[in-house]
Amino acid sequence: MNTKPIAIPADLALRAVQAEAAAADVELLLPGRPEREAILLGMAAYHAISGNGWDLAHAREHVSVTLPGAGPALDLLAMVPVVGPILAALSHGFRRTTVMLSPSAMRDGVVLMGTWRHEAGHVGRIAQGGLVWCAAYGVVPEVRAGAEAPCYGSDLAHQVLLAGSDVDKVEAAALDNLSRYGLDEPALRLARGIVRSNAEALRRGVDPGGVVADSIAALRALGWPG
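Small disclaimer: the values here were computed from a predicted structure and weren't measured.

Peer 1: An account of the side chain of Glu171 is requested, with residue identities and associated values reported.
Peer 2: Among the secondary structure elements, Glu171 is positioned in helix α8 (residues 167–178). The exposure class of Glu171 is buried, given its relative accessible area of 11%. In contact with Glu171, not counting residues within four places along its chain, are Leu156, Val195, Arg196, Ala199 and Arg203.

The structure is reproduced here in structure tokens:
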């Protein structure tokens, strides 16, 4: 399924994201901040040790990150094998849940809205699941798959319904990204099933979870006529 692309000004999308982040009490860090570079270096170290994830060059350009704020959640984050202590140490200065956006997310309004919906999904899970969820995300592959796959579904929906991208291509990209989260085969099956369910909904013209409708509402609240 292809739709006619809808142009969303990047500056308007950023205003919408900033408004939603403020309403959710989320710290929003734009590209270029040293905190994000430090986190990416930690992730690159994990990639070098485990072979999972992205190399530093790709992460610097494309990977946005959400981490819990300072407090007991960081103690549980530190329990995650290999990368947990690194991320916990680097995140200690965050006083509230923090979303760090990638440079690639900032260059296009549709991509920015999709990226924000992806990261907002993690924000919601942190708020609802608290400490137990933060720990389970790191140590239980099925929990990680169940958290990441719907968030990639948000990216999928924005790319198809707003950017007019081909479902098959963006579905394949999402599945490739999910293969980099250190998931075992049962967790990968779960993640693939969620992404494919989202893709099938998009082929029928359905907005999975209403995520695109939420983005459109946020933009219209700022005067966007689309």
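Peer 1: Tell me about the packing of helix α7 (residues 141–161) against α8, and name the residues and values.
Peer 2: Where α7 meets α8, the closest approach of the two axes is 10 Å, and the angle between their N-to-C directions is 155°. With respect to α8, the element α7 is oriented roughly antiparallel. Judged by the twist between their axes, the crossing of α7 over α8 is right-handed. Residues Glu148, Ala149, Tyr152, Leu156, Gln159 and Val160 of α7 pack against Val167, Val170, Glu171, Ala174, Asn177 and Leu178 of α8. Across the contact of α7 with α8, the residue classes tally to 8 nonpolar, 2 polar and 2 charged.

Peer 1: Please give an account of the sheet that holds strand β1 (residues 27–29) that cites residues and values.
Peer 2: Read across the open sheet, the 3 strands follow the order β1-β3-β2; overall the sheet is mixed. Two strands lie at the open edges of the sheet, namely β1 and β2 (65–67), each paired on one side alone. Between one strand axis and the next, the sheet turns by 15° as a mean value, whatever way the strands run. Both β1 and strand β3 (residues 98–100) contribute to a ladder of 3 bridges, which runs parallel. Residue pairing for β3: Glu27 is matched across the bridge by Thr98. Helix α2 (residues 34–50) rests against β1, β2 and β3 of the sheet, and its axis sits at about 95° to β2.

Peer 1: With reference to specific residues and values, describe the pattern of salt bridges.
Peer 2: Under the criterion given, the structure shown has 11 salt bridges. Where Asp25 meets Arg96, a salt bridge forms, and the shortest distance between an N and an O atom there is 2.8 Å. Of the two residues, Asp25 is situated in the loop between α1 (10–23) and β1 and Arg96 in the loop between α5 (83–91) and β3; the sequence distance between them amounts to 71 residues. Owing to a relative accessible area of 48%, Asp25 belongs among the partly exposed residues under this scheme. Given a relative accessible area of 30%, Arg96 falls into the partly exposed group. Residue Glu171 is joined to Arg203 by a salt bridge in which the shortest nitrogen-to-oxygen separation is 2.9 Å. Note that Glu171 is positioned in helix α8 and Arg203 in helix α9 (residues 185–203), a separation of 32 residues in sequence. Several salt bridges share partner residues, and in doing so they unite Asp168, Glu171, Glu200 and Arg203 into one network.

Peer 1: Just give me the short version of the packing of aromatic side chains, but keep the residues and values in it.
Peer 2: The way to describe two aromatic rings as a pair is by their centre distance and the angle between their planes. The final tally for this structure, using the stated rule, is 1 aromatic pair. Seen in terms of ring centroids, Tyr152 and Tyr181 are 6.1 Å apart; in terms of plane orientation they differ by 80°. Their pairing is edge-to-face. Taken together, the positions of Tyr152 in helix α7 and Tyr181 in the loop between α8 and α9 put the pair 29 residues apart, joining distant regions of the chain. The exposure class assigned to Tyr152 is buried, which follows from its relative accessible area of 9%.

Reading guide: rules and limits
Residues numbered from 1 in each chain as written. Predicted model: local features only at pLDDT ≥ 70, side-chain atom pairs only at ≥ 80, totals over all residues. Heavy atoms only, no water. Helix = DSSP H or I, 4+ residues; strand = E, 2+ residues; numbered from the N terminus. Buried < 20%, exposed > 50% of the residue type's maximum accessible area, 1.4 Å probe, protein only. Contact = heavy atoms within 4.5 Å. Axes fitted to C-alpha atoms, helices over the stretch in contact; angles between N-to-C directions. Parallel < 35°, antiparallel > 145°, perpendicular 65-115°, else oblique. Left-handed = near helix turned anticlockwise from the far one by under 90°. Nonpolar A, V, L, I, M, F, W, Y, C, P; charged D, E, K, R; others polar. Pairing = 2+ DSSP bridges. Salt bridge = Lys/Arg side-chain N within 4 Å of Asp/Glu carboxyl O. Phe/Tyr/Trp six-rings, centres within 6.5 Å; stacked < 30°, edge-to-face > 60°.

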